[in-house]
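Report on the structure
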Amino acid sequence: MQTYLEELKVYLNKLPQADIEDALSYYQEYLEDAGINTYPACIKELGTPVQLARRIRADIDVNDYKNGGISNEQSTWQYFSKIFIAMASVPVLLPLAGVLGAVVALLFAILVVTLLFTSCIIVLFIISFLELMYWAITNLGLYFNLSIVAFGASLMLLGASMDLAYGLQKLTVNFTKWIRQFSTWMYGKTINKMNGGNK
Amino acid sequence: MSYNMILNINGDDGLAIKVAKTLLDGCVLGLLDQNDMYGYELTKQVQESIAVSNSTMYPVMRRLKTDGLVDTYDESFEGRNRRYYRITDAGVEHLAAIRKEWQDFKNGIDQLVGE
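Basis of the calculations
- Residues numbered from 1 in each chain as written.
- Chains lettered and ligands numbered in written order.
- Predicted model: local features only at pLDDT ≥ 70, side-chain atom pairs only at ≥ 80, totals over all residues.
- Heavy atoms only, no water.
- Helix = DSSP H or I, 4+ residues; strand = E, 2+ residues; numbered from the N terminus.
- Buried < 20%, exposed > 50% of the residue type's maximum accessible area, 1.4 Å probe, protein only.
- Contact = heavy atoms within 4.5 Å.
- Areas by Shrake-Rupley, 256 points an atom, 1.4 Å probe, with all protein chains shown as cover.
- Pairing = 2+ DSSP bridges.
- pLDDT = per-residue confidence, 0-100.
- Core = buried A, V, L, I, M, F, W, Y, C linked by side-chain atoms within 4.5 Å.

1. Brief notes about the overall build of chain A
Check the secondary structure of chain A and you find seven helices and zero strands. The proportion of buried residues among the 199 residues of chain A is 37%. Sequence-distant contacts, at least 24 apart, represent 68% of the contacts inside chain A between residues at least 6 apart. A total of about 11,300 Å² of accessible surface is found on chain A, and carbon and sulfur atoms cover 69% of it.

Here it is in structure tokens:
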């Protein structure tokens, strides 16, 4: 039994110390209460140390991020790459990891293009706003009515550019959320696949 | 309630049914509402009613504890330590909420599937 737990400890070593100790003491007590002593019996009861560790880690990762861990873009990429690496490290799951990577890359490409395009439009609008405003003010005497039109138009452009900028910001925030959700969903699928063999 | 089907349970007789995490929380809370229990005991009790694998319970307990629905205390038993789980007030409330959601869900499924 001790060998089994030692092995489990190794596979959990990337987790915070508190989580490791918590899991180990739970399973030590479990095995003692079950009266399970031999290594093969441990495997029969709980699966191999690798499988058990994956189960524990998957749950911790999914939960700690769902409960509002750090929600900035850097952590999203960390999260995604953690999952990607975990999936890619199992030969059977490589295709799934590939799908995950491809989808994320595609989404990212779309996002970048959208960001660039919209930013150009925003800049254009702001420049136009400034020019029109300038024209309106300098021509107040000469072309009063037209100046009012130009003034109004410039304000419309300003408003539109602000709306676009706000939309861009929301898109970026939601994008990281989508990446995380999709990664979680894919990882859930891989856990299912692994548990299919763990009776 | 998130019917996020991540957990897999294997029955002896073939049909593998996936149970939502939330329902499993409800099962544990329901048991702890009656009695405090330790890990192994809890696992076996749950397995008397539904077929879950032996390694299913730990993540559930960890989550319940993190969310403050359950807390733990230690008692010594035959010279070693035993960690008991007990339900908190927040856990009792959450259990009531899950009961209601489950009833609604169950009624919905019954209507669609036919009894």
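2. With respect to the pairing of strand E3 (residues 80-87) of chain B
Residue and element names in this part refer to chain B. Extensive coverage of E3 is indicated by the burial of six of its eight residues. Where strand E1 (residues 37-38) meets E3, two bridges bridge the pair, whose relative direction is antiparallel. In the strand pairing of E3, Tyr38 is matched with Tyr84. Taking the residues between adjacent antiparallel strands as the criterion, strand E2 (residues 70-77) and E3 are bridged by two residues, where Glu78 takes a positive phi near 45°.

3. With respect to the confidence of the model for chain B
Averaged over all residues, the pLDDT of chain B equals 82, while 82% of them reach at least 70. Every residue in residues 1-19 of chain B scores below 50 in pLDDT, and together they form 39 contacts with partners more than four places removed in sequence or on other chains.

4. Overview of the nonpolar core
In terms of nonpolar packing, the biggest core is built from 42 residues, with Leu12(A), Tyr27(A), Leu31(A), Ile56(A), Val28(B) and Leu32(B) touching the most fellow members. The leading source of residues in this core is helix H2 (residues 17-34) of chain A, at seven residues. If sequence neighbours within four positions are ignored, Ile56(A) has contacts with Leu12(A), Leu15(A), Ala23(A), Tyr27(A) and Tyr58(B). One finds Ile83(A), Ala97(A), Leu111(A) and Tyr187(A) within the second-largest nonpolar core, a separate group that totals 13 residues.

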